[in-house]
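Structural description and commentary
What follows is each chain in one-letter form.
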Amino acid sequence: MFLLNNKTAVVTGGGSGIGQEVCNVLAAQGATVYVLDLNAEHAHATAAAIENNGGSAKAIAIDVTDQAAMKKTYEAIEKIHLMVNCAGISHIGNAINTSEADFEKIFHVNVRGVYNSLFAGIPVMQKTGGGAIVNISSIVAKVGVADRFAYSMSKGAVHAMTLSVAKDFIKDGIRCNSISPGRVHTPFVDGFLKKNYPGQEPEMFEKLSKTQPIGRMGKPVEIAHQVLYLCSDEASFITGSDYSIDGGFTTLNS
Ligand code: NAP
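The structure reproduced in this document is the subject of the present report. Just so we're clear, the structure is a prediction, and the values are computed from it rather than from any experiment. (Residues numbered from 1 in each chain as written. Predicted model: local features only at pLDDT ≥ 70, side-chain atom pairs only at ≥ 80, totals over all residues. Heavy atoms only, no water.)

Taken together, 27 residues are adjacent to the ligand, and S16, I18, D37, Y151 and T186 come closest. Here an oxygen atom of the ligand sits 2.5 Å away from a polar atom, N or O, in the side chain of T186. Burial of the ligand by the protein amounts to 89% of the accessible area it has alone, namely 880 Å². Put simply, the parts of the chain that give the shell around the ligand at least two residues each are helix 1 (17–28), helix 5 (149–168) and helix 6 (187–196). Ranked by residues supplied to the shell around the ligand, first place goes to helix 6 with 3 residues. Considering only residue class, the shell around the ligand consists of 14 nonpolar, 9 polar and 4 charged. Two domains each donate at least three residues to the shell around the ligand, and these are domain 1 (8–182 + 219–248) and domain 2 (184–217). (Near = heavy atom within 4 Å. Polar contact = N/O pair within 3.5 Å; in protein donor to acceptor, adjacent residues only side chain to side chain. Areas by Shrake-Rupley, 256 points an atom, 1.4 Å probe, with all protein chains shown as cover. Helix = DSSP H or I, 4+ residues; strand = E, 2+ residues; numbered from the N terminus. Nonpolar A, V, L, I, M, F, W, Y, C, P; charged D, E, K, R; others polar. Domains from an automatic or database assignment.)

Here we come to the environment of H91. Examined against the element boundaries, H91 turns out to sit in the loop between strand 4 (82–85) and helix 4 (100–128). C-alpha separation for the pair H91 and K105, spaced 14 residues apart in sequence, amounts to 9.5 Å. Within the structure, H91 has its side chain in polar contact with the side chain of D102 (distance 3.1 Å).

A few words on the environment of A61. Position of A61 among the secondary structure elements: in strand 3 (residues 56–61). Taking the C-alpha atoms as reference, A61 lies 30 Å from T239; in sequence the two are 178 residues apart. Non-local contacts of A61, meaning those with residues more than four positions away in its chain, are made with D37 and A40. (Contact = heavy atoms within 4.5 Å.)

Glancing now at helix 5. Along an α-helix, residues three or four apart share an orientation, since each turn contains 3.6 residues. Helix length check: helix 5, at 20 residues, gives a terminal C-alpha distance of 29 Å against a target of 28 Å (1.5 Å per residue), a fit within 8%. Taken as a whole, helix 5 has its buried residues at A150, Y151, S152, S154, K155, V158, M161, T162, V165 and A166. Structurally, helix 5 contributes buried residues whose contacts are with helix 4, strand 5 (131–136), strand 6 (174–181) and helix 6. (Expected span 1.5 Å × (residues − 1). Buried < 20%, exposed > 50% of the residue type's maximum accessible area, 1.4 Å probe, protein only.)

Turning our attention to the packing of aromatic side chains. Under the definition given, this model contains 5 aromatic pairs. Ring geometry for F103 and F149: centres 6.1 Å apart, planes at 35 degrees, overall tilted. One end of the pair, F103, is in helix 4; the other, F149, is in helix 5, and 46 residues separate them in sequence. Overall, F103 belongs to the partly exposed group, its relative accessible area being 29%. Given a relative accessible area of 38%, F149 falls into the partly exposed group. (Phe/Tyr/Trp six-rings, centres within 6.5 Å; stacked < 30°, edge-to-face > 60°.)

And the structure:
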């Protein structure tokens, strides 16, 4: 079950955190994985580790906000069966202290970046004969989390784009789903703590861990396994769905 032999996957943000673990898991199941990341060094390290383990991977240093580059890259890959949109950035702020520049930056990467990947990749997936797309949203698209105004906006948009794509391309054999993680321990969280709570990182890490009723943050591989399921033929009846993987954050925090 869950084998991906002869499938080609593109993973944005594949050089770090959740995206990196998605690359590892998809490659271990037999897919050829294109690791797309802004950080060339991280993309190359991820692809090299997969190749060293006997898998097939190629690194591509790219900015998802560059539509022309995304189009050129996906067209050159020729066949795409699986697309996982993980690249994203965080932001802290509410509606009255989020600057226009920060709002636009979050929109640019988290919304336009996903749109660019879909815009560039769906025509290739149509030619390939269909496939599966998984977008990484967040629980902030479903519940109010303090000081996540712009970030929540962006993840709500990812959720909505997932439904739109699932509807429009069902006829092409393309399934599209999203995953809404709770807090997952990745460099994203470490960087966020360093930037927003300098000197208080251990206490804040503990505090954020406990906001999950299960008592800890998620592990990237726990998200990657759900991505694998949604990409696999075993999930052939699933499209237009969102899965919370959040240690009970959205359902048990009363
Ligand atoms: P991460 O470790 O920071 O990985 C994200 C990767 O995306 C990084 O390698 C980053 O490169 C890359 N990236 C950023 N901007 C890019 C761009 N314009 N073009 C190409 N690549 C770009 O983060 P993560 O925690 O794995 O998060 C992955 C996704 O899950 C994000 O969309 C995030 O919003 C979502 N998510 C995370 C959590 C969590 O708690 N970790 C919870 C819910 C949802 P640089 O390092 O160079 O910036």
